[in-house]
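Chains, contacts and geometry: an overview
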Amino acid sequence: MTEPVAVHPLVSPWGRFGLYSFFIDAPEPAIVDTGIASSPAEGMVPALEAIGRRIEDVRWILLTHGHIDHLGGARALWELTGRRARVVIHQADAPLLRSRRAHVDQYLDVRQQYIDNPHAVEEQTQAANRVISGEMEPTMLVRGGETLALGGDVTVSVHHIPGHTAGSVAYVIDGQQSVFVGDAVQIHGAANGFPGYEDPAAYRSSLRYLRDEVRPQHLYLGHPYRNADGVPFGVELDREAAHHALQGSLDLEARIDDAAHRYFHAGLRESDSVYSPFAPVAEELGYTGDPTLEPSPFFTTMHGHLTQFNQTS
């Protein structure tokens, strides 16, 4: 690579969150993650115009994973490119791009076990219909190990980093180690105050891989995740901050794993606590957030630890 490739954050509002996508200013421009249905028109178009770029020229749509706030705008963005952009997602998360119902089923399979919301199907269906711009078949399914050519001498390598979801990937601009990880590096969580991941062992392994093998010089996060004091890291991290975020994520996962396994050995107990049946873990970790507030990372994560415990006991 002769010159560094510029990266521009594209911010779109959504309730209490800011949704972050990233524009890779390559000869064949790429956008990493797409927010929700309104994000391309309301967030990306004006942001690109402000830097002298056009959304019609985007040729790659790179999805880090299948959650609703990262792929919800994919169909709308693809349409705005004249359907010329290639849409890339890992094969494990592709069902979430193909089907709105898959998001509803995912909620029912995990979080509904603990939240017991009688209106869950209706609410989740309405949310999926509202914030996902359309179901679609991806142009390219990846597994990790692929190299994408973005024109000139710009290439992006694909790294499978499961844990947050089964199909989470990192996209790395080769030669400058600019690394886009979506939500795969949770630190102490975003506004909810708790890290969210489906598979603890995979999450731990992926964090170590990013820290020890990929070693980002620039790390781009899907949300402004927070440190132990609740202070946001921001979404654009330099080498030192990236290492700190990765190590902090590993340290907290180890604490959660230790607390969870001790309580699982003692036996789960239902209670009136909103954290039931994981209330002792929340108490030990000092977690006081609302575990029912979407995306409910507390129950997703604790379910992952319980599944892992049951598989190894």
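Everything below is about the structure shown above.
Here we summarise the structure given alongside this text.

Right, let's get into the overall build of the chain. Scanning the chain from terminus to terminus reveals eleven helices and twelve strands. The globule rule puts the C-alpha radius of gyration for 313 residues at 20 Å, and the 19 Å found for the chain is close to it. When burial is assessed residue by residue, the chain has 53% of its 313 residues classed as buried. Considering only residue pairs separated by 6 or more positions, the chain has 65% of its internal contacts joining residues 24 or more positions apart. Here the chain has roughly 13400 Å² of accessible surface; of this, 48% comes from carbon and sulfur atoms. If you average the places of the 23 positive and of the 40 negative side-chain charges in the chain, the two averages end up 3 Å apart.

Before going further, it helps to examine the sheet that holds strand E9 (residues 169-173). The strand order across the open sheet built from six strands is E7-E8-E9-E10-E11-E12, with neighbouring strands paired in mixed fashion. For this open sheet the edge positions go to strand E7 (147-149) and strand E12 (236-238), each flanked by a neighbour on one side alone. Averaged over all neighbouring strand pairs, the angle between strand axes comes to 25°, with direction disregarded. Bridge count between E7 and strand E8 (residues 155-160): three bridges; the pairing is antiparallel. Its bridge partner lying in E8, Ala 149 is registered against Thr 155.

Another point: the packing of helix H8 (residues 200-214) against helix H9 (residues 239-266). Two elements in contact, H8 and H9, have axes whose closest approach is 10 Å; the angle formed by their N-to-C orientations is 155°. Judged by the inter-axis angle, H8 sits roughly antiparallel to H9. The handedness of the crossing between H8 and H9 comes out as left-handed. Where H8 approaches H9, its residues Pro 200, Tyr 203, Arg 204, Leu 207, Arg 208, Leu 210 and Arg 211 are matched on the opposing element by His 243, Leu 246, Gln 247, Ser 249, Leu 250, Glu 253 and Asp 257. Taken together, the residues of the contact of H8 with H9 sort by class into six nonpolar, three polar and five charged.

For the rest of this paragraph, the subject is the pattern of salt bridges. The tally for this structure, following the rule as stated, stands at 13 salt bridges. Asp 57 is the partner of Arg 54 in a salt bridge, and the nearest nitrogen-oxygen pair spans 3.0 Å. Given a relative accessible area of 47%, Arg 54 falls into the partly exposed group. One salt bridge in this structure joins Asp 212 and Arg 211, with 2.7 Å as the shortest N-O distance. What you see here is one network of salt bridges that share partners, running through Arg 75, Glu 79 and Arg 83.

Rules used throughout
Throughout this description, residue numbers start from 1 for each chain and increase along the sequence as written. Owing to the predicted nature of the model, reporting of local features is limited to residues with pLDDT of at least 70; listing and counting of side-chain atom pairs is limited to 80 or more, with chain, interface and lining totals taken over all residues. Hydrogens and water molecules were not included; the side-chain quantities draw on all heavy atoms of the structure. Starting at the N terminus, helices and strands are each numbered in turn, a helix being any DSSP run of H or I of at least four residues and a strand any DSSP run of E of at least two. C-alpha atoms define the radius of gyration, and 2.2 Å times the number of residues to the power 0.38 defines the globule rule. Exposure classes here rest on a 1.4 Å probe applied to the protein chains alone. A residue is buried below 20% of its type maximum, exposed above 50%, and partly exposed in between. By the convention used here, residues are in contact when the closest approach between their heavy atoms is within 4.5 Å. Areas reported here follow the Shrake-Rupley algorithm with a probe of radius 1.4 Å; residue values treat only the protein chains shown as occluding. The positive count covers Lys and Arg only, the negative count covers Asp and Glu only, and His and the chain ends enter neither. For this purpose, a charge sits on NZ of Lys, CZ of Arg, CG of Asp or CD of Glu. Here, any two strands with at least 2 DSSP bridges between them count as paired. Convention adopted: a line fitted to C-alpha atoms gives each axis, helices being fitted over their contacting stretch, and angles between N-to-C directions are expressed from 0 to 180 degrees. Small angles under 35 degrees read as roughly parallel and large ones over 145 as roughly antiparallel, with 65 to 115 read as roughly perpendicular and the rest as oblique. Put simply, a crossing is left-handed when the front helix is turned counterclockwise from the back one by less than a right angle, and right-handed when it is turned clockwise. Gly counts as polar in this scheme, as do all residues outside two lists: the nonpolar Ala, Val, Leu, Ile, Met, Phe, Trp, Tyr, Cys and Pro, and the charged Asp, Glu, Lys and Arg. Each reported salt bridge corresponds to a side-chain nitrogen of Lys or Arg within 4 Å of a carboxyl oxygen of Asp or Glu.

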